[in-house]
Amino acid sequence: SILEGQGCDDMPEIVHGADGIVEAATVSTADTVVTGIVGAAGLLPTIEAIKLGKDIALANKETLISGGPVINPLVEKYGVNMLPADSEHSAIFQCLQGVPPGGLRRVILTASGGAFRDLTKDELFEMCETDPRAVQKKATTHPNWDMGAKITLDSATMMNKGLEVIEAHYLFGAAYDDIDIVIHPQSIVHSMVETQDTSCIAQLGWADMRLPIVYSVSWPHRLSMPYRPLDLAEIGSLTFKAPDREKYPCIQLAYDAGKKGGTMTAVLNAANEAANEMFREDVGLGFLDIPKLIEGAMEAHKDDFKDKDVSLDDILQCDAWARQYVAENTKNVVKNDVLVV
């Protein structure tokens, strides 16, 4: 081989697929595993890493959203740290340093607002009706930065923020009524916490994912990094506004699934992943059909819902079922232009 020709005696082991991901997550030389796989695919390798006593730097929100009922007990059982590596939850975690047990009153998640933040509800709905092609193009283009296709669309529907609400519940133990969302177009304040005495603590910085990732693997230390310092005078002003839940129905769906708990969040997540993919595959699915399909899956799951003794198999079965539900009902939407639930 080429490597042998270059004098390499210690040949690398090549792994791939689902088994390969687990192999990478459980490599013996790692103390901390950064889980950054998009979607529910990150669930099993994260579980296997926890069982080996490895700390988790969590950049994959779906791991907790789908698997929270399984993951959290394992974290406690094996005594590992699960530290957030995504921007918003890292901000919350940083704000909580020094806040005593019982001192947290409210979590405030900030959101860029996604591709349609400057449109009113009526303008967005009219655009969906009269120019669905333009909606599709805009929904997959983020106004602030270049992200992956799935996350960009989740930002446009604001499902990404709904998923982050559920993740914040599992990470920090906050009740859903104590987790708020605020749209912050400048993306400088990455999230905030309010303490019991009504003091608000915020974490600010340029939109740079390097900082939360570094902090997740270096905590509790603060490393000297050559990043650009924040300049508030250059920014000039920071603005905030409440999201319109009628314009963004995915937010309410996430709160509803989170409060229901159990397997419902796995159904929410899988249905969203499937609908998100169908929309991007250009099979004729409309932007407003995404929340309709998710809501339909949640409603159809009520008969099989489980909230006690939830196992990994339960979660995986719900995940597969919800994806199948969306695939089948997408055909109805595309064929009839009406969602049948």
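Structural data are supplied above this passage.
These numbers come from a predicted model, not from an experiment.

Draft legend 1. Layout of the packing of helix H6 (residues 121-130) against helix H7 (residues 132-139). The N-to-C vectors of H6 and H7 enclose an angle of 120 degrees; their axes lie 5 Å apart at closest approach. Taken together, the axes of H6 and H7 lie oblique to each other. Across from Met127, Cys128, Glu129 and Thr130 in H6, the residues of H7 making contact are Pro132, Ala134, Val135 and Lys138. Classifying every residue of the contact of H6 with H7 gives 5 nonpolar, 1 polar and 2 charged.

Draft legend 2. Representation of the sheet that holds strand E3 (residues 82-84) within the structure. The 3 strands are arranged E1-E2-E3 in an open sheet whose pairing can be described as parallel. Each having just a single partner strand, strand E1 (32-35) and E3 make up the two edges of the open sheet. Sheet twist, expressed as the mean angle between neighbouring strand axes with direction ignored, is 20 degrees. Strand direction decides the pairing type here: E1 and strand E2 (residues 55-58), joined by 4 bridges, are parallel. Paired with valine 34 across the two strands is alanine 57, which belongs to E2.

Draft legend 3. Empty space enclosed by the protein, seen in detail. All chains considered together, the criterion is met by 1 cavity of 30 Å³ or more. When its volume is computed, the largest cavity comes out at roughly 60 Å³. Taken together, Thr157, Lys247, Tyr248, Pro249, Cys250, Phe287, Leu288 and Pro291 make up the lining of the largest cavity. For the lining of the largest cavity, the class distribution of residues is 6 nonpolar, 1 polar and 1 charged.

What counts and how
- Residues numbered from 1 in each chain as written.
- Predicted model: local features only at pLDDT ≥ 70, side-chain atom pairs only at ≥ 80, totals over all residues.
- Heavy atoms only, no water.
- Axes fitted to C-alpha atoms, helices over the stretch in contact; angles between N-to-C directions.
- Helix = DSSP H or I, 4+ residues; strand = E, 2+ residues; numbered from the N terminus.
- Parallel < 35°, antiparallel > 145°, perpendicular 65-115°, else oblique.
- Contact = heavy atoms within 4.5 Å.
- Nonpolar A, V, L, I, M, F, W, Y, C, P; charged D, E, K, R; others polar.
- Pairing = 2+ DSSP bridges.
- 1 Å grid on protein atoms, 1.4 Å probe; cavity = no way out; pocket = protein on both sides within 12 Å on 5 of 7 lines; lining within 4 Å.
- Points joined across faces, edges and corners; volume = space filled by probe spheres on them.

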